[in-house]
Structure formats: structure tokens, C-alpha cells
Amino acid sequence: MLKFDIEKREGLARVGVIHTPHGDIKTPAFVGAATRATVKALTMKEMNELGSQAILANTYHLILRPGVELIQEAGGLAEFCSWHKPTFTDSGGFQIFSLPDVKITEESVKFKSHIDGANFEITPESSMQAQWAIGADIHMAFDHLAKSEDKKDMEEAMHRTHRWLDRCVEENQKLANTAKKNHEKEQYLYAVVQGGTFNDLRAESAEYCASKNPDGFGIGGVFTAEGMDVMLKTVNSILPEDKPRHLLGMGQEPLDLFIGAEFGCDTFDCVGPTRMARNGSLYTYDGRINIKNAKYTHDFTPLMSDCDCECCKNYTKAYLHHLFKTDEITAKVLASIHNEHFVVSVTDKIRQSILDDNFQNYKKTFLARYYH
Ligand SMILES: [Zn+2]
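Residues numbered from 1 in each chain as written. Predicted model: local features only at pLDDT ≥ 70, side-chain atom pairs only at ≥ 80, totals over all residues. Heavy atoms only, no water.

**Re the environment of Glu 149**
Our working rule: The way it works is that DSSP assigns letters per residue, a run of H or I at least four long becomes a helix, a run of E at least two long becomes a strand, and they are numbered from the N terminus. To sort residues, take the accessible area from a 1.4 Å probe on protein chains only and compare it with the maximum for the residue type: under 20% means buried, over 50% means exposed, and anything in between is partly exposed. Should any heavy atoms of two residues lie within 4.5 Å, those residues are considered in contact.
Residue position: Glu 149 is located in the loop between strand S10 (138-140) and helix H7 (151-181). A relative accessible area of 47% means that Glu 149 is categorised as partly exposed. Remark: the alpha-carbon pair of Glu 149 and Thr 197, spanning 48 residues in sequence, is separated by 8.1 Å. Excluding residues that lie within four positions of it along the chain, Glu 149 makes contacts with Met 154, Thr 197, Phe 198 and Phe 223.

**With respect to the domain arrangement of the chain**
Going by this rule: Domain limits in this description derive from either an automatic procedure or a database domain assignment. Buried area: the sum, over both parts, of the accessible surface (1.4 Å probe) that disappears when the two are put together. Here, a salt bridge means any Lys or Arg side-chain nitrogen found within 4 Å of an Asp or Glu carboxyl oxygen.
Per the domain assignment, the segments of the chain are domain 1 (3-269) and domain 2 (271-372). The C-alpha-based centres of domain 1 and domain 2 are spaced at 27 Å. Facing 36 residues of domain 1, the contacting portion of domain 2 comprises 33 residues. The contact between domain 1 and domain 2 buries some 3,000 Å² in all, and 66% of this surface belongs to carbon and sulfur atoms. For domain 1, the biggest contributors to the area lost against domain 2 are Phe 30, Leu 50 and Phe 258; these three give 23% of the whole. At the surface where domain 1 touches domain 2, the tally comes to 4 salt bridges.

**Details of the pairing of strand S6 (residues 87-90)**
Threshold: Strand pairing requires that DSSP identify at least two bridges connecting the strands.
In S6, alternate side chains face the same way, and those of Thr 87 and Thr 89 on one face and Phe 88 and Asp 90 on the other are all buried. Where strand S5 (residues 55-58) lies against S6, 4 bridges are found, and the strand directions are parallel. Bridge assignment links Asn 58 to a residue of S6, and that residue is Asp 90. The sheet contact formed by S6 and S10 spans 2 bridges and is parallel. Opposite Phe 88, over in S10, you have Ile 138 as the bridge partner.

**So, the sheet that holds strand S14 (residues 267-270)**
Quick reminder of the rule: Only C-alpha atoms enter the line fits that serve as axes; for helices the fit covers just the stretch in contact. Angles between N-to-C directions range over 0 to 180 degrees.
Taken in spatial order, the 8 strands of this closed barrel run S4-S5-S6-S10-S11-S12-S13-S14, and their pairing is parallel. When strand polarity is set aside, the average angle formed by the axes of neighbouring strands in this sheet is 30 degrees. Bridging between strand S11 (residues 188-193) and strand S12 (residues 216-219) involves 4 bridges; their strand directions are parallel. Bridge pairing in S12 links Tyr 190 to Gly 216. Strands S6, S10 and S11 of the sheet are contacted by helix H6 (residues 124-134), whose axis makes an angle of about 155 degrees with S10. Across the sheet, helix H9 (residues 228-238) lies against S11, S12 and strand S13 (245-247), angled at about 155 degrees from S12, the strand it touches most.

**Thoughts on the layout of surface pockets**
To keep it simple, the criterion reads: As defined here, a cavity is a set of points on a 1 Å grid over the protein atoms alone where a 1.4 Å probe fits but cannot get out. A pocket is an open set with protein on both sides within 12 Å along at least five of seven lines, and residues line them when an atom is within 4 Å of a point. Grid points are joined across faces, edges and corners, and a volume is the space filled by probe spheres set on the points. Note that Gly is not counted as nonpolar here; it falls among the polar residues with everything else outside the nonpolar set of Ala, Val, Leu, Ile, Met, Phe, Trp, Tyr, Cys and Pro and the charged set of Asp, Glu, Lys and Arg.
Looking at the largest pocket, its volume works out to about 840 Å³. Lining the largest pocket are 38 residues, and of these Phe 94, Gln 95, Gly 249, Asp 269 and Val 271 lie nearest its centre. Secondary structure elements with two or more residues in the lining of the largest pocket: S5, helix H5 (93-97), S14 and helix H11 (272-278). In terms of residue count, H11 provides more of the lining of the largest pocket than any other element does, 4 residues in total. Classifying every residue of the lining of the largest pocket gives 14 nonpolar, 15 polar and 9 charged.

As C-alpha cells, this is what we get:
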């Protein structure tokens, strides 16, 4: 069982440490989105230096390219991408169900690759096998994303997610037994709580997932901070306290991180911070700015004077503006370093504020300035 120590609690919020075979994650923590075994525009050295503790890769993308066998041949995800810290994989359910041509049966999901149209089929069992081959420390169960926000669709998808969870748990146990026999390192399974915006469904899903006794929990299908507090309160009051919880795909807005942590989530991941960086949308404590704006042409101050990332310590807004206007690759690199560092360090500060009994004060001050 994955080891998770809780150092401090305040309401549903907690500060803890997840112990993985590749090292510890101090929580709450922002996990870098390394969809295709890379965080876009950043090297693993840069990720390490900006303070990232863990990355999350996407099974769907890795099945298509380079194929999980190649990653296994390399010695697993951490070796393959040279990230010698904790790793997660998402099952890829979200990406597969977002494809245009998906055929879902109780047995499996059939889809065409978005790259070359090749036919693929994934079952809960094959998703577990792929994730074990990729070899991340923490896996997500293969879940079914509802086709609409309609309650009937949500309920159907949630129940299938639960039936698939049974199959994931069973397959995971087989794979874990084999790994143990071969003296390979342990890998851990998170069940994924679904149910959309319906609190009764969320409660049912949390109860079901908890009953399967996984190593931790992913909370999926959350897209906005609106109503997230109530939903997380419902879910995290039901989930066992002593197991870690990952809020899937959330963390683009600082508000997501504050609400997520306040209502009991331990880790977060989101492609938003680096995606926005590549478009020139950069975080500051006073909200996001668009560095491509003409007003930064002659601004020789750093993006944030109190940020200790490589970008802010060495470069001015005028320089960043120039790099973006001339479409230099370095623009995306420096901007991504800053944005990723921003969400990682805000989450670290949330952790510290809980330890210092100062969370509510930090939240109020931060959000008032950021969303003025
Ligand atoms: Zn910075």
C-alpha cells in the first residue's frame, strides 16, 4: 500500500508526504503535466530547478507514440525521460472519450489514433497493463467520461467507471503480484471518482471507490472552480482520510489550487500553465498579463520582482516581449519556466500557510490581489 503521512490537518485541508519508490512528494503539490513524457518547452533539469516534485504523463499519448514497449525497454518512464523523481500516469480515458470516433461497449473502447487513423482498442485490463509497462509510480484507473453534462449520461458513465474499476483493481493485483515475484519496484493504483456536478452521484462514486481499497484517489471530470468547494466537501468527507487524493486536470487558476487544497486534495496537475505560457499569458501576483502587449516594449523590469525563477531573475519584460514578437523558441522556454514555477510555488506556499495556521489569511490576501 502506498505510504502517505499526514503532518497537519485544518478542516478538510491537510499537509502530508506521499512516499513513492522514486522519492517523496510533499503535499499539497502541483504535479507537472508531462503528457508525452515531456513538459512542453522545459527540460527535466529546468523542471527540477523550478521546484517541481513530480510529473504526470498520459497513457493514451504514450500508447500511440512511442508505444509502451519502447518505454519499458528504456527501463520505465523515469529512466526514459530522465526524471528521477515521482511519476504519475493518467489512464488517458479523458483524451480517448474526447475523440470524435469512439465506440464504447461494456468490454472496451475502440478508437482511431488522432495521428494516423490506426485502430486501437483499450480495455480496463489493457490500460493497467500499459501503465505497468510505462512504470510510473502512481496509476489512474481507466474511467468513462460522460458524453454530456446530462444527469442520465453522468450516471451511466459513473456506473460503468465503477464496473471498470473492479476490473482495473483485479488486473492491477495480478500485475502487482508478478512484479513482486520478479523483485520489481511497486506501482500504485488510484481509483477515479466521477459524478460531474451532481453531489448525490459524487457521494455514490466516492463510496464505491473507497470500498475498493485502492492506494489513493483521483477526482475526475471537474472543469471549473464553480461549485467545486461543495463537491469536494462531499467527496473528501467520504474518502478515507489516510489516502492521498489527486484533483485531475485542475490548477490553471490559482483559485483551483486554493479551493482544492482547502477541501482536502493533495496533488494537482494541469496543462494550462505551460499552454498559456506558450501563448504569452503570464502569471503575476496581480493577475495574468499578455507579454505581447505593446506596453511592455520599453519595460525593463522583471515580470515579477519577487519571483526567483530563472526568467524573472535574469530577464526583463521588454526582452520577453521582443522574444514573443519575433517568435523565438526561447520565448516559450522562459515563459514556461515562469508559469510552471508560479503554480508550483503557490502550491508550496499553500502548504506552508497550512503549517503556519495562516491558510485563510494567505488565501484571502492572495486572491484579493490576483483577482482584484
Ligand atoms: Zn518568475
